[in-house]
Amino acid sequence: MKTHLAAALGSVVLTAGTLLGAPAAGAQTAAYPTTAVDVTYGASYVRGTLTWYNRSVGFDGTLRAVGCRRAWFGAYGASGNELGARSTSTKCDVTYPINIGIPADVPGGAAYVIVCVDDANANPLKCVQYNRP
């Protein structure tokens, strides 16, 4: 009898713990803010979406290189200090998918990101600043 009572009590405790730890029905995690990107230089461009995380910024999009081009991304803090940067390698006459993370390892993440279309030698041809929403 004691064994069954202990098993039943344990089952009730486990069920209550599961129910109390579960999120409310219909509860959803808030989405991270996003920003559309379009940096066009002649027929070349970098287009896609920035996703603003707490300590990094993600980019998912495309580099269209007419001639030889690179895409460059820099994350900056509120005081203008560079937090991190990433770039593609040189791509020539191709449409190239990009999915990268840009470090911004400070509380709250980056205040803004600069996205550039560069020439083959990593010299900026056109840059656009995108502020965190």
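See the structure shown above.
Here the structure is a predicted model, which means the values were calculated and not measured.

Asks: So what exactly am I meant to see when it comes to the overall build of the protein here?
Replies: Along its length, the protein carries 1 helix and 7 strands. Pairs at least 24 residues apart make up 52% of the contacts formed inside the protein by residues separated by at least 6 positions. Surface summary for the protein: the accessible area is close to 7900 Å², and the carbon and sulfur share equals 56%.

Asks: What should I look at first to understand the environment of Ile100 in this one?
Replies: Summarising the element assignment, Ile100 is placed in strand β5 (residues 91-103). Sequence separation between Ile100 and Asp60 is 40 residues, and the spatial gap between their C-alpha atoms is 6.7 Å. Setting aside residues up to four positions removed in sequence, Ile100 forms contacts with Val57, Gly58, Phe59, Phe73 and Arg86.

Asks: Teacher, can you tell me more about the packing of aromatic side chains here?
Replies: Geometry of an aromatic ring pair is reported as the spacing of the ring centres plus the angle between the planes. Evaluated as defined, the whole model comprises 3 aromatic pairs. Centroid distance Tyr32 to Tyr53: 4.8 Å. Interplanar angle 70°. Geometry classified as edge-to-face. Placement of Tyr32 in the loop between α1 (2-21) and β1 (34-41) and of Tyr53 in the loop between β2 (44-52) and β3 (56-76) is noted, with a sequence separation of 21 residues between them. With a relative accessible area of 32%, Tyr53 lands in the partly exposed category. Ring centres of Phe59 and Phe73 lie 4.7 Å apart, and the angle between their planes is 40°; on these two criteria the pair is classed as tilted. What makes Phe73 buried here is its relative accessible area of 0%. Looking at Arg47, its charged tip hangs above the ring of Tyr45, at a distance of 3.7 Å from the centre.

So, how was this worked out
- Residues numbered from 1 in each chain as written.
- Predicted model: local features only at pLDDT ≥ 70, side-chain atom pairs only at ≥ 80, totals over all residues.
- Heavy atoms only, no water.
- Helix = DSSP H or I, 4+ residues; strand = E, 2+ residues; numbered from the N terminus.
- Contact = heavy atoms within 4.5 Å.
- Areas by Shrake-Rupley, 256 points an atom, 1.4 Å probe, with all protein chains shown as cover.
- Phe/Tyr/Trp six-rings, centres within 6.5 Å; stacked < 30°, edge-to-face > 60°.
- Buried < 20%, exposed > 50% of the residue type's maximum accessible area, 1.4 Å probe, protein only.
- Lys NZ or Arg CZ within 6 Å of the ring centre and 35° of its normal.

Interpretation note: all reported values are geometric properties and have no functional meaning in isolation.
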